[in-house]
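What follows is the residue order along each chain.
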Amino acid sequence: MLSERLLALRKSRSLSQKEMAELFSVSRQTVVAWEQGATAPSVEKLLAIAQYFDLAPGSLLENPQSEQDAFPAPNYSALHEWENYASQLEIELVQSLEEGKDAAHLEGLFHEAAKLPEGPHKQALADLLFQMLEGTGQRSDYPYEEPSSYPAISALAAHAAAVPCPGETVMRKKLLGALLGRVCGCLLGKSVEGMRLAELTSFLKETGNYPMRRYILRSDFNEGVAARYSFPLLERCYADTIRCAPADDDTNYTIMAQLLVERHGRNFAPKNVADLWLALQPKNAYCTAERVAFRNFVNGYLPPDSARYKNPYREWIGAQIRGDYFGYINAGNPTAAAEMAWRDASISHVKNGIYGEMFIAAMIAEAAVSSDIKTVLEAGLAEIPPRSRLAEKIRLVMQEFEAGKDFDALLEIIYSFYDDRNPHHWCHTISNAMIVAAALLCSGQDYGRSICLAVQAGFDTDCNGATVGSVLGMMLGEDGIPETWAAPVHGRLETDIFGVSEISLKEAAETTLKHLYLSK
């Protein structure tokens with residue numbers, strides 16, 4: 001029993017109860033109560049005791065019970081890592097330090113706790129560490145200003161000017177182009193989503209598609225070729241094996257946003273988004289930050305707490321792939337698009353995770369009225385805090401492009417900051433937004449070239465292909481997307497949304513057009 005272990009430990013060092021009490025800043029009566037089993041130390045005190053007596057963290061919590069008395073514990077190893085905060089402590093530590101939290105003194109505890117086997121003791125330590133982080137302030141020397149509330153973001157943003165969008169005939173083609181552009185860009189990257197750059201480049205070269213200029217096809221390779229790569233190529237979908245665009249979270253969210261506006265209008269609230277998530281898709285349709293937010297909704301955490309509670313993925317790419325629709329229905333008005341995107345992003349993300357969605361939504365709104373990529377990027381930047389990490393890195397890409405760097409050189413710069421073998425880097429908002437910016441700048445406003453650059457760069461290939469495709473699709477319209485890209489999807493899209501198994505892109509574009517002119 002814990003009481004007996006504490007008594008034995010005290011006596012092993014020949015400590016009196018008074019001396020024990022002084023060591024751990026409690027009263028002698030508290031030590032007596034511990035040793036009699038009347039009360040137990042807090043987890044924080046247990047950690048201090050374990051450290052003093054050179055014991056592994058959590059070891060004091062071990063309390064073997066008879067099989068008859070033991071209550072069945074959850075099988076923690078069966079939990080998906082996205083739903084198990086304790087399994088992601090290393091990511092939480094890095095995320096917290098990147099946000100500027102004054103948490104360097106906790107690094108040792110995080111590293112030690114992360115080494116523990118999955119179980120109730122690790123869960124208890126993870127809970128404590130989360131509480132300690134919540135009480136941690138910002139570093140005094142942190143150079144960025146990154147609020148998460150919309151009023152604070154808006155107060156820092158420059159804001160892009162709104163201009164009237166083209167007429168209904170032009171917008172119909174632009175909206176269909178944006179939807180089709182997103183779907184085809186997603187399909188291009190979906191075949192190799194998760195394949196790291198070294199293998200991706202080797203595979204593309206081996207199949208005669210480097211630099212990329214077309215879809216990856218199943219007919220490009222046989223089982224022998226596939227066996228040379230660790231990535232599961234045989235398990236993927238390809239443009240020559242589908243009858244329409246396959247379901248993907250990158251396109252599910254676009255259709256869900258349409259359903260959101262259809263049901264709640266343009267003035268939807270963050271909680272409306274959360275409720276729709278619970279109603280329209282199963283838990284397994286959500287990933288990383290979205291899966292955590294879904295779990296938090298179920299457990300009663302409402303936005304914006306749902307974005308913060310035990311969410312180590314709070315600046316990952318998930319929100320950045322959800323903002324397109326708000327750009328579509330605010331064509332010519334980047335500020336309105338970004339504000340809607342904030343309402344969506346705030347249920348699952350904070351800071352740069354939110355800015356990523358605002359940045360993309362604003363760019364797409366601007367792309368409806370501009371044919372200049374730099375202007376589009378500037379419109380996106382105008383809606384986010386200028387002293388944010390995202391703004392800093394996007395401006396770096398733009399400056400290096402202006403200085404004459406080509407796409408390969410820009411990619412080297414991106415990879416100097418981010419390693420695609422690191423999951424936190426691979427799925428982060430900023431690394432992928434930099435690729436989006438580089439692909440748009442170097443595309444020459446050619447749709448096919450733009451999505452190919454976005455995908456061959458690695459990182460989150462389907463997300464970046466979809467986002468770049470959406471921006472160029474809006475700018476160029478339906479006629480700007482060559483038939484070689486449009487043909488495999490046959491104008492149709494599958495979804496994982498309850499009650500929406502497959503949709504027509506033309507019909508979706510008509511609904512989007514209606515929402516564009518929907519009264520505020």
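Residues numbered from 1 in each chain as written. Predicted model: local features only at pLDDT ≥ 70, side-chain atom pairs only at ≥ 80, totals over all residues. Heavy atoms only, no water.

Asker: Looking at this structure, I do not really get the overall build of the chain. What am I missing?
Answerer: Check the secondary structure of the chain and you find 27 helices and two strands. For the chain, the spread of C-alpha atoms along the three principal axes comes to 85 × 55 × 50 Å. Of all 520 residues assigned to the chain, the portion counted as buried reaches 56%. Taking as baseline every contact in the chain between residues at least 6 positions apart, the subset at least 24 positions apart corresponds to 74%. Split by element, the accessible area of the chain, about 21,000 Å² in all, is 52% carbon and sulfur. (Helix = DSSP H or I, 4+ residues; strand = E, 2+ residues; numbered from the N terminus. Buried < 20%, exposed > 50% of the residue type's maximum accessible area, 1.4 Å probe, protein only. Contact = heavy atoms within 4.5 Å. Areas by Shrake-Rupley, 256 points an atom, 1.4 Å probe, with all protein chains shown as cover.)

Asker: Can you walk me through the state of the cysteines in this structure?
Answerer: Simply put, disulfide is the name for a covalent bond between the sulfur atoms of two cysteines. For the structure shown, the criterion picks out zero disulfides. As a non-bridged cysteine, Cys442 has Cys452 as the owner of its nearest cysteine sulfur, 14 Å distant. Residue classification places Cys442 among the buried positions, given a relative accessible area of 12%. For the unlinked cysteine Cys463, the closest cysteine sulfur is that of Cys427, found at 6.8 Å. (Disulfide = S-S within 2.5 Å.)

Asker: What exactly am I supposed to notice about the packing of aromatic side chains here?
Answerer: A ring pair, where both rings are aromatic, is described by two values, the distance of the centres and the angle of the planes. Under the defined criterion, the tally for this structure stands at 22 aromatic pairs. Between the aromatic rings of Tyr142 and Tyr144, the centroid separation amounts to 5.3 Å while the plane-to-plane angle is 70 degrees, which identifies the pairing as edge-to-face. According to the relative accessible area criterion, Tyr142 is buried, its value standing at 10%. Grouping aromatic residues by their ring pairs yields a cluster made of Tyr253, Trp277, Tyr286, Phe294 and Phe297. Looking at Arg322, its charged tip hangs above the ring of Tyr253, at a distance of 5.7 Å from the centre. For the cation-ring pair, Arg343 lies above Phe268, with the distance from its terminal atom to the ring centre recorded as 4.5 Å. (Phe/Tyr/Trp six-rings, centres within 6.5 Å; stacked < 30°, edge-to-face > 60°. Lys NZ or Arg CZ within 6 Å of the ring centre and 35° of its normal.)

Asker: How should the side chain of Gln17 be read in this particular structure?
Answerer: The residue Gln17 is located in helix α2 (residues 17-23) in this model. Exposure remark for Gln17: the relative accessible area of 17% places this residue in the buried category. At 3.0 Å, the side chain of Gln17 and the side chain of Glu35 are in polar contact. When residues no more than four places from it in sequence are discounted, the contact partners of Gln17 are Arg10, Arg28, Val31, Val32 and Glu35. (Polar contact = N/O pair within 3.5 Å; in protein donor to acceptor, adjacent residues only side chain to side chain.)

Asker: Is there a simple way to explain the packing of helix α18 (residues 351-367) against helix α20 (residues 389-402) in this structure?
Answerer: Two elements in contact, α18 and α20, have axes whose closest approach is 9 Å; the angle formed by their N-to-C orientations is 50 degrees. Classed by the angle they form, the pair α18 and α20 counts as oblique. The segment α18 lies against α20, with Asn352, Tyr355, Gly356 and Phe359 engaging Arg389, Leu390 and Ile394. (Axes fitted to C-alpha atoms, helices over the stretch in contact; angles between N-to-C directions. Parallel < 35°, antiparallel > 145°, perpendicular 65-115°, else oblique.)

Asker: Would you explain the packing of helix α12 (residues 249-264) against helix α13 (residues 270-280) in this entry?
Answerer: Running from N to C, α12 and α13 cross one another at 120 degrees; their axes reach a closest spacing of 11 Å. Judged by the sense of rotation from one axis to the other, the crossing of α12 with α13 is right-handed. Contact with α12, carried on its side by Tyr253, Met256, Leu259, Leu260, Arg263 and His264, involves Asn272, Val273, Leu276, Trp277 and Leu280 of α13 and no other residues of that element. Partitioning the contact of α12 with α13 into residue classes produces eight nonpolar, two polar and one charged. (Left-handed = near helix turned anticlockwise from the far one by under 90°. Nonpolar A, V, L, I, M, F, W, Y, C, P; charged D, E, K, R; others polar.)

Asker: Explain the pattern of salt bridges to me, please; I cannot follow it from the model alone.
Answerer: If charged atoms from side chains of opposite charge come close, those side chains can pair. Considering all chains together, one arrives at 37 salt bridges under this definition. Here Glu315 and Arg389 are joined by a salt bridge, their closest N and O atoms 2.8 Å apart. In this pair, Glu315 is assigned in the loop between α15 (305-308) and α16 (324-328) and Arg389 in helix α20, connecting sequence segments 74 residues apart. Note that Arg421 and Asp419 form a salt bridge whose closest N and O atoms lie 3.0 Å from each other. Given the relative accessible area of 27%, Asp419 is considered partly exposed. Beyond isolated ion pairs, a larger network of salt bridges with shared partners links Glu92, Glu99, Arg314 and Lys351. (Salt bridge = Lys/Arg side-chain N within 4 Å of Asp/Glu carboxyl O.)

Asker: I would appreciate a short explanation of the pairing of strand β1 (residues 492-497) in the present structure.
Answerer: Regular strands place their side chains on alternate faces of the sheet. Alternating residues of β1 divide into Leu493, Thr495 and Ile497, all buried, and Arg492, Glu494 and Asp496, none buried. For β1 and strand β2 (residues 500-504), the ladder comprises four bridges, and the chain directions are antiparallel. Bridge assignment links Leu493 to a residue of β2, and that residue is Ile503. (Pairing = 2+ DSSP bridges.)

Asker: Would you mind showing me how to read the confidence of the model for the chain here?
Answerer: As a general rule, the predicted coordinates of low-pLDDT regions are not to be interpreted in detail. Looking at the chain, pLDDT values average 94 and 97% of them are 70 or higher. Across residues 64-68 the pLDDT falls below 50, and counting only partners more than four positions away or on other chains, this stretch makes two contacts in the model. (pLDDT = per-residue confidence, 0-100.)

Asker: Could you clarify how one ought to interpret the nonpolar core in this entry?
Answerer: Nonpolar side chains tend to gather and get buried jointly when the protein is soluble and globular. Judged by nonpolar contacts, the single largest core of 135 residues is most densely connected at Leu233, Trp277, Tyr328, Met358, Phe359 and Met474. If sequence neighbours within four positions are ignored, Trp277 has contacts with Tyr253, Met256, Tyr286, Glu290, Ala293, Phe294, Phe297, Arg322, Ile347 and Ser348. Residues Tyr85, Leu89, Leu116 and Leu128 belong to the second largest nonpolar core, which totals 16 residues. (Core = buried A, V, L, I, M, F, W, Y, C linked by side-chain atoms within 4.5 Å.)

Asker: Which parts of the structure should I look at to understand helix α14 (residues 288-298)?
Answerer: Each α-helix turn comprises 3.6 residues. Residues three or four places apart therefore point the same way. The buried fraction of α14 amounts to ten of the eleven residues, a majority that puts the element mostly inside the structure. Regarding α14, the residues found buried are Thr288, Ala289, Glu290, Arg291, Val292, Ala293, Phe294, Arg295, Asn296 and Phe297. Next to the buried residues of α14 lie α12, α13 and α15. Residue Gly300 follows α14 closely and has a positive phi angle near 90 degrees.

Asker: Teacher, can you tell me more about the environment of Glu35 here?
Answerer: Tracing the backbone shows Glu35 in helix α3 (residues 28-36). By relative accessible area, Glu35 is classed as buried at 13%. Separated by 29 residues in sequence, Glu35 and Leu6 place their C-alpha atoms 6.2 Å apart.

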